[in-house]
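Structural overview for review
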Amino acid sequence: MTAERGDDPHVRELLGAYVLDALAADEIGPVAGHLQRCDACAAAYVEVADTVSLLALLSEDDLLE
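Residues numbered from 1 in each chain as written. Predicted model: local features only at pLDDT ≥ 70, side-chain atom pairs only at ≥ 80, totals over all residues. Heavy atoms only, no water.

What follows covers the overall build of the protein chain. Secondary structure summary: the protein chain contains four helices and zero strands in total. Taken from N to C terminus, the helices and strands of the protein chain fall in the order α-α-α-α. Looking at the protein chain as a whole, 20% of its 65 residues are labelled buried. Surface accessibility of the protein chain: about 4800 Å² in total, with carbon and sulfur atoms responsible for 56%. (Helix = DSSP H or I, 4+ residues; strand = E, 2+ residues; numbered from the N terminus. Buried < 20%, exposed > 50% of the residue type's maximum accessible area, 1.4 Å probe, protein only. Areas by Shrake-Rupley, 256 points an atom, 1.4 Å probe, with all protein chains shown as cover.)

Quick look at the structure:
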């Protein structure tokens, strides 16, 4: 499940928007497909998703400190 050179480009720069459901409709499918084939991007996705979940636990005051 690892993308080799010559496969579709890695999608790390789109993962934040993907996790937040903020990608354009035509970008969602290619990102989802790539995540199924690329271990490195799938691992990065898990990290981004975890981070977003943790941020949801913070209050506004926490962010201002």
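After that view, the rundown keeps rolling.
Looking now at a nonpolar patch on the surface. Nonpolar side chains collect at one region of the surface, where Leu 55, Leu 58 and Leu 63 lie side by side and expose about 280 Å² of accessible area between them. Along the chain, Leu 58 turns up in the loop between helix H3 (39-55) and helix H4 (60-64). By relative accessible area, Leu 58 is classed as partly exposed at 39%. (Patch = residues over 30% accessible without salt bridge, like charges linked within 9 Å, V, L, I, M, F, W, Y side chains within 5 Å. Salt bridge = Lys/Arg side-chain N within 4 Å of Asp/Glu carboxyl O.)

Here the focus is the confidence of the model for the protein chain. Per-residue pLDDT for the protein chain has a mean of 85; in total, 88% of the residues score no lower than 70. In the model, residues 1-6 has pLDDT below 50 throughout and makes 14 contacts with residues more than four positions away in sequence or in other chains. (pLDDT = per-residue confidence, 0-100. Contact = heavy atoms within 4.5 Å.)

Let us now look at H3. Each turn of an α-helix holds 3.6 residues, which means side chains three or four residues apart point in the same direction. Between the first and last C-alpha of H3 there are 24 Å, a value that for 17 residues agrees with the 24 Å anticipated at 1.5 Å per step. Among the residues making up H3, those that are buried are Cys 41, Ala 42, Ala 44 and Ala 49. An end-on view of H3 places all buried positions within 160° of arc, on one side of the element. Opposite its buried face, H3 presents the exposed residues Glu 47 and Leu 54, each directed more than 90 degrees away. Of the surrounding secondary structure, the elements contacted by the buried residues of H3 are helix H1 (15-19) and helix H2 (25-37). (Expected span 1.5 Å × (residues − 1). Arc of directions from axis to C-beta.)

Let us now look at the environment of Glu 47. Within the secondary structure layout, Glu 47 lies in helix H3. Taking the C-alpha atoms as reference points, Glu 47 and Leu 15, 32 residues apart in sequence, are found 9.7 Å from one another.

The subject of this paragraph is the packing of H2 against H3. Put simply, H2 and H3 touch, their axes get as near as 6 Å, and they point 110° apart. Between H2 and H3, the angle falls in the class roughly perpendicular. The handedness of the crossing between H2 and H3 is left-handed. Contacts from His 34, Leu 35 and Arg 37 of H2 reach H3 at Asp 39, Cys 41, Ala 42 and Tyr 45. (Axes fitted to C-alpha atoms, helices over the stretch in contact; angles between N-to-C directions. Parallel < 35°, antiparallel > 145°, perpendicular 65-115°, else oblique. Left-handed = near helix turned anticlockwise from the far one by under 90°.)

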